[in-house]
Amino acid sequence: MSDSAEIQFAEILFERRGSIGLVTLNRPKALNALTLGMIRLFDPQLRAWIADPDIKAIVVQGAGEKAFCAGGDVVNLYETGKAAKAGQGDGAAIRAFFSEEYVLNRLIHTCPKPYVALIDGISMGGGVGLSVHGSHRIVTERTMFAMPETGIGLYPDVGGTYFLPRLPGQVGVWLGLTGDRLKAADMIEVGAADAFVPSAKLESLIAELADGVPADEVVARHREEAGEPPVAANRAAIDRCYAHDGVEAIVAALEAEGTEWAAGQLATLNRVSPTSLKVTLEALRRGATLDFDGCMIQELRLSLAFLARHDVYEGIRAALVDKDRNPRWSPASLAEVTAEEVDGYFAEPVGGDLRFTE
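Each value, and the rule that gives it
- Residues numbered from 1 in each chain as written.
- Predicted model: local features only at pLDDT ≥ 70, side-chain atom pairs only at ≥ 80, totals over all residues.
- Heavy atoms only, no water.
- UniProt positions renumbered as here; feature names shortened; annotations may be inferred.
- Pairing = 2+ DSSP bridges.
- Helix = DSSP H or I, 4+ residues; strand = E, 2+ residues; numbered from the N terminus.
- Contact = heavy atoms within 4.5 Å.
- Axes fitted to C-alpha atoms, helices over the stretch in contact; angles between N-to-C directions.

Under the annotation held in an unreviewed UniProt entry, the chain carries the name 3-hydroxyisobutyryl-CoA hydrolase and is attributed to Azospirillum aestuarii. In its Catalytic activity (unreviewed entry) section, the UniProt record describing the chain reads: "3-hydroxy-2-methylpropanoyl-CoA + H2O = 3-hydroxy-2-methylpropanoate + CoA + H(+)".

Printed below as a string of structure tokens:
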């Protein structure tokens, strides 16, 4: 295979263009879903560009017009985890995926140079981790943001337990529990993005950054009004209903609300994993008091605990494998998920906690 062919089929592309390092997530048919191989290439390249005085900014984009990055490759995790539970392999790849992904998320969070994420299209799960921690988060008319992990028996990771509690009011708890979707105007409204730039102007934005124009100036020159944010109509109800420290209390508050919006919220909460709801709420409340490193240590504990239990396999099966959309959660109700069970997810895992080399 020629070098050009190898580049064409690479899952992630790196290009030095003038004053920038340009990253392209290159799995458009898979909505640029993140793999361990991509993480293992991205991390050292980002470190090299941070150390290179001639690189003034890092720009990250997704190939194609549909997605920035629709999440991690959870079907691969499903297959690896199922094999490990059946005694075929030790599950080391699961720990490696989450550990190395979280170290990359931390590197983005601490990046001393402008890190410009072009969130053009779908951004969910792992894609949020590659974008929301950056210094310049650009959204377009095609952006769709969500953290829908409770729907597959997981919780919002990739730094979700850090950034969600730091959104205004109870917006982060609402998003983390329900997986509700935000468009560009909503993301600007709640502080999950920094600027709206039409997709047709992104190449011009990249070109100016490559010419060495400071990122703040480039973004200010290209930004436009995103329009009215639909989330604003429900902000008071979100803050009112999701302020409670128990999921049952949140459900009761929504029932008391008695609106069409609240009915939709209840339908979502009744559909997703009861265990995921309770663990997610606890993780977000704890995350509000932790620094970024503390959240990432917490998240490795949670991720390994979830992959050792039932619901994530059932959730992925129902959503992405058999696609029957009929998960059978265990426990099946909020009342059956005890405080002791929730606490167990936060215990230090076999093999120890996540460690950072610097």
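Back to the write-up after that little detour.
Student: So what's going on with the sheet that holds strand β3 (residues 57-62)? Which residues, and what values?
Tutor: Overall, mixed pairing links the six strands, which are arranged β1-β2-β3-β5-β7-β9 in an open sheet. Single-partner strands in this sheet number two, and they are β1 (12-17) and β9 (195-196). By the bridge criterion, six bridges tie β1 to strand β2 (residues 20-25) in an arrangement that is antiparallel. Along β2, the bridge assignment pairs arginine 17 with isoleucine 20. On top of the sheet, helix α9 (residues 202-210) reaches β1, β2, β3, β5 (115-119) and β7 (136-139); it is set at about 170° to β5, its chief contact. This element, helix α10 (residues 215-222), spans β5, β7 and β9 of the sheet and lies at about 20° to β7.

Student: Tell me about the UniProt feature "domain: Enoyl-CoA hydratase/isomerase" (unreviewed entry) in the chain, residues and numbers included.
Tutor: With numbering aligned to this structure, UniProt lists the feature "domain: Enoyl-CoA hydratase/isomerase" (unreviewed entry) at residues 20-346. With 50% helix and 10% strand, the stretch residues 20-346 has end C-alpha atoms that lie 40 Å from each other.

Student: Can you lay out the sheet that holds strand β4 (residues 67-69) for me, pointing to particular residues and giving the numbers?
Tutor: The strand order β4-β6-β8 describes an open sheet built from three strands, whose pairing is parallel. At either margin of the open sheet sits one strand with a lone partner, and together these are β4 and β8 (144-146). The average undirected angle you get between the axes of adjacent strands in this sheet is 15°. As defined by bridge partners, β4 adjoins strand β6 (residues 122-124) across two bridges and the pair is classed as parallel. Pairing of alanine 67 across the sheet is with isoleucine 122, part of β6.

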